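# An overview of the molecular structure
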Amino acid sequence: MDKLWAPWRMKYLRQGGNKRKCIFCGAAGTRSDKKHFVVLRSRNSLALLNIFPYNNGHLMVVPRRHVAELSGLSKEEIADLIGLLNRSKLLLDKVLKPQGYNVGMNLGKVSGAGFPGHLHIHIVPRWAEDTNFMPVIAGTKVISQSLEELYNILRHAEKQLHRRV
């Protein structure tokens, strides 16, 4: 059996099932954006890099409030959430220039939500070449850029975009 060393996953495994604190509340309640990989903030939402991404540039857009369902958000919060989702996509368009996106939510634990109590929208950039032989043959996904490098590039690009507005 081939082995792929991924020591950064140990932190995830040590946190264990239901004992884990909500990462989204932790990120929302602090100004340590770099520590939590928060790329964007708005009045009621934030966008952060997924530290266990499906693909390079995988962001999660979340309301600041700990709410499990869309029905628990006000109209203002929903509009803000979707506005930040759009702003996140525009930023990814500028920096990564993907050919498409997967955008979606996992509502509830059985659907795959890692934090089922806090609603979050995944936005995953896609390229025609992002699926190669590795996932098919080896069951391994290759992410081509470190989180730190991507975070710095996205934050720099956001500052440039913000200045133009």
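The numbering scheme is per chain: residues are counted from 1 as the chain's sequence reads. Residue-level local features of this predicted model are given only where pLDDT is at least 70; pairs of side-chain atoms are given and counted only at 80 or more, and the full residue set underlies all totals for whole chains, interfaces and linings. By convention in this description, side-chain values take in all heavy atoms of the structure and omit both hydrogens and water.

## Overview of the nonpolar core
Quick reminder of the rule: To qualify as a nonpolar core, a set must consist of buried Ala, Val, Leu, Ile, Met, Phe, Trp, Tyr and Cys residues joined through side-chain atoms within 4.5 Å. Exposure categories follow from relative accessible area, calculated using a 1.4 Å probe and restricted to protein chains: below 20% of the type maximum is buried, above 50% is exposed, and the middle band is partly exposed. By the convention used here, residues are in contact when the closest approach between their heavy atoms is within 4.5 Å.
Counting residues in hydrophobic clusters, the biggest one holds 23 residues, and the most contacted among them are Val 39, Leu 49, Val 61 and Leu 154. Setting aside residues no more than four positions away along its own chain, Val 39 makes contact with Ala 47, Leu 48, Leu 49, Leu 59, Leu 91, Tyr 151, Leu 154 and Arg 155. Core analysis: the second largest hydrophobic core is formed by 10 residues, Phe 24, Leu 46, Leu 48 and Met 60 among them.

## Comments concerning the sheet that holds strand β4 (residues 100–104)
Operational definition: By this definition, two strands are paired if DSSP reports at least two bridges between them. Only DSSP runs of H or I with at least four residues qualify as helices, and only runs of E with at least two residues qualify as strands; both kinds are numbered from the N terminus onward. A fitted line through C-alpha atoms represents every axis, and for helices the fit uses only the stretch in contact; the resulting angles, taken between N-to-C directions, go from 0 to 180 degrees.
The strand order β1-β2-β3-β5-β4 describes an open sheet built from 5 strands, whose pairing is antiparallel. Each of the sheet's edge strands pairs with one partner strand only, and the pair in question is β1 (38–41) and β4. Neighbour-to-neighbour, the strand axes of this sheet turn through a mean angle of 20°, independent of strand direction. By the bridge criterion, 5 bridges tie strand β2 (residues 45–49) to strand β3 (residues 59–63) in an arrangement that is antiparallel. Pairing of Ser 45 across the sheet is with Pro 63, part of β3.

## Some thoughts on the packing of aromatic side chains
To be explicit about the condition: Only rings of Phe, Tyr and Trp enter the pairing, Trp through its six-membered ring, and a pair is recorded when the two centres are within 6.5 Å. The plane angle decides the type: under 30 degrees is stacked, over 60 is edge-to-face, the rest tilted.
For the structure shown, the criterion picks out 1 aromatic pair. On the numbers, 5.9 Å between centres and 80° between planes, the contact of Phe 37 with Tyr 151 is edge-to-face. Of this pair, Phe 37 sits in the loop between α3 (33–36) and β1 while Tyr 151 sits in helix α6 (residues 147–164); the two residues are 114 residues apart in sequence, bridging distant segments of the chain.

## Brief notes about the state of the cysteines
Counted only if it meets this: Counting rule for disulfides: a pair of cysteine sulfur atoms within 2.5 Å.
Under the counting rule described, the total for this entry stands at 0 disulfides. Considering cysteine sulfurs only, Cys 25 is the nearest to Cys 22, which forms no disulfide, with 3.7 Å between them. A relative accessible area of 18% places Cys 22 in the buried class. Relative accessible area serves as the criterion here: at 30%, Cys 25 is assigned to the partly exposed category.

## Points about unusual backbone geometry
With a phi close to 60°, Phe 37 is a non-glycine residue in the positive phi region. The backbone of Lys 97 sits at a positive phi, close to 50°, despite the residue not being glycine.

## So, the side chain of Ser 45
Selection criterion: For the purposes of these results, a polar contact is taken to be a pair of N or O atoms within 3.5 Å, where, inside protein, one atom must be able to donate a hydrogen and its partner to accept one; residues adjacent in sequence count only when each atom of the pair is a side-chain atom.
For Ser 45, the location among the structural elements is in strand β2. A distance of 2.7 Å separates the side chain of Ser 45 from the side chain of Asp 80, its partner in a polar contact. With residues near it in sequence (within four places) discarded, Ser 45 still touches Val 62, Pro 63, Arg 64, Glu 77, Asp 80, Leu 81 and Leu 84.

## Some words on the environment of Tyr 101
Following the sequence through the fold, Tyr 101 ends up in strand β4. Among all residues touching Tyr 101, those that are not within four sequence positions of it are Lys 89, Leu 92, Asp 93, Ile 123, Val 124, Pro 125 and Arg 126. Here Lys 89 takes part through its backbone oxygen, which lies 3.3 Å from a polar atom of the side chain of Tyr 101. Within the structure, the side chain of Tyr 101 is placed 2.6 Å from the side chain of Asp 93, a separation counted as a polar contact.

## Observations regarding the pattern of salt bridges
The criterion, for reference: Whenever a carboxyl oxygen of Asp or Glu lies within 4 Å of a side-chain nitrogen of Lys or Arg, that contact is scored as a salt bridge.
Throughout the structure, instances matching the rule amount to 6 salt bridges. Note that Glu 76 and Arg 43 form a salt bridge whose closest N and O atoms lie 3.8 Å from each other. Residue Glu 76 is located in helix α4 (residues 75–96), and its partner Arg 43 is located in the loop between β1 and β2; the two are separated by 33 residues in the primary sequence. Ionic pairing is found between Arg 65 and Glu 77, a salt bridge with its closest N-O pair at 2.6 Å. Pair noted here: Arg 65 is in the loop between β3 and α4 and Glu 77 is in helix α4, with a separation of 12 residues, a long-range link. Classification of Glu 77 as buried rests on a relative accessible area of 10%. Overlapping salt bridges, with partners in common, bring together Asp 33, Arg 41 and Arg 155 in one network.

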